[in-house]
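Okay, here's what each chain looks like letter by letter:
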Amino acid sequence: MLRWTERFLLDLAAAAIAALGVLITLSVLLRATLNTGIPDTVVMVTELMVAAIVLPLAATVAARANIVVEVLSQHFPRRVQDWLVIFGGVVGLFALLPLIWAGWKEAHSALTGGGFYFGQLNLPKWPGRVIFLFGVSVCWLRLAIQVAQDIRTVAEGHHIESEAEHSLMEEG
């Protein structure tokens, strides 16, 4: 189920990027040819950027495609490297908690307060807030599962594989 969710969120992020390209291209073409534009383009681009950035985070964690600095750690024994990976995962879990809390507050406020962007279309604020909260929460869940699996792997005397556990791109 988690793999399906990660793949679905990755597909949604790709759709958001495609929509960004179409929206920006149309806006530029309309501005250049007809001296008009799409109303509230900036708001729509902002909301689509949230989806494009946050939704694939869980897939990034699953593929172990995070940015890592191995200049020093690669010289440590393999067992120490494994514990550093676990430590990094735990730090990541704690680092995401304030984002989840802030995302919850913003999503709750937007849903209960009925906030709207000022503009011609009066677009609601809640979709971007909910997408952010959902994306970061799924990322936290994936990271928590991965840290638990890594601890179990090291406790059993094995080493953590730094390669991707599964490739979401090949499963589709």
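Residues numbered from 1 in each chain as written. Predicted model: local features only at pLDDT ≥ 70, side-chain atom pairs only at ≥ 80, totals over all residues. Heavy atoms only, no water.

Structural notes on helix H2 (residues 41-54)
- Between its first and last C-alpha, H2 extends 20 Å over 14 residues, near the 20 Å set by a 1.5 Å rise per residue.
- Taken together, the buried positions of H2 are Thr 41, Val 43, Val 45, Glu 47, Ala 51, Ala 52 and Val 54. (Helix = DSSP H or I, 4+ residues; strand = E, 2+ residues; numbered from the N terminus. Expected span 1.5 Å × (residues − 1). Buried < 20%, exposed > 50% of the residue type's maximum accessible area, 1.4 Å probe, protein only.)

Concerning unusual backbone geometry
- A positive phi is found at Asn 35, a non-glycine position, where the angle reads about 55°.
- Tracing the chain through its elements places Asn 35 in the loop between helix H1 (2-34) and H2.
- One non-glycine residue, Asn 122, adopts positive backbone phi at about 50°.
- Judged by relative accessible area, Asn 122 falls into the partly exposed class, the value being 44%.

Some points on the side chain of Thr 41
- Locating Thr 41 in the fold gives a position in helix H2.
- Discounting residues that sit within four places of it in the chain, Thr 41 has contacts with Leu 23 and Ser 27. (Contact = heavy atoms within 4.5 Å.)

Observations regarding the pattern of salt bridges
- Under the criterion given, the structure shown has 5 salt bridges.
- Between Arg 142 and Glu 6 there is a salt bridge, with the nearest N and O atoms lying 2.5 Å from each other. A residue pair is termed long-range when its members are at least 10 positions apart, and Arg 142 in helix H5 (residues 126-155) and Glu 6 in helix H1 qualify at 136 residues. Pair check on accessibility: Arg 142 and Glu 6 agree, each one buried.
- Arg 7 is paired through a salt bridge with Asp 11; the nearest N and O atoms lie 3.2 Å apart. (Salt bridge = Lys/Arg side-chain N within 4 Å of Asp/Glu carboxyl O.)

A few points about helix H4 (residues 78-113)
- Between its first and last C-alpha atoms H4 spans 52 Å; for 36 residues at 1.5 Å apiece the expected length is 52 Å, and the two agree.
- What H4 keeps buried is the set Asp 82, Ile 86, Gly 89, Gly 92, Leu 93, Leu 96, Ile 100, Gly 103, Ala 107 and Ala 110.
- Packed against the buried residues of H4 are H5.
- At the C-terminal side of H4, Gly 114 shows a positive phi close to 65°.

Here we look at the packing of H2 against H5
- Remark: H2 packs on H5, axes separated minimally by 9 Å, with the N-to-C direction vectors making an angle of 5°. The angle between the axes of H2 and H5 places the two elements in the roughly parallel class. Along the contact surface, H2 presents Glu 47, Val 50, Ala 51 and Val 54, while H5 presents Pro 127, Gly 128, Arg 129, Ile 131, Phe 132, Gly 135 and Val 136.
- Across the contact of H2 with H5, the residue classes break down as 7 nonpolar, 2 polar and 2 charged. (Axes fitted to C-alpha atoms, helices over the stretch in contact; angles between N-to-C directions. Parallel < 35°, antiparallel > 145°, perpendicular 65-115°, else oblique. Nonpolar A, V, L, I, M, F, W, Y, C, P; charged D, E, K, R; others polar.)

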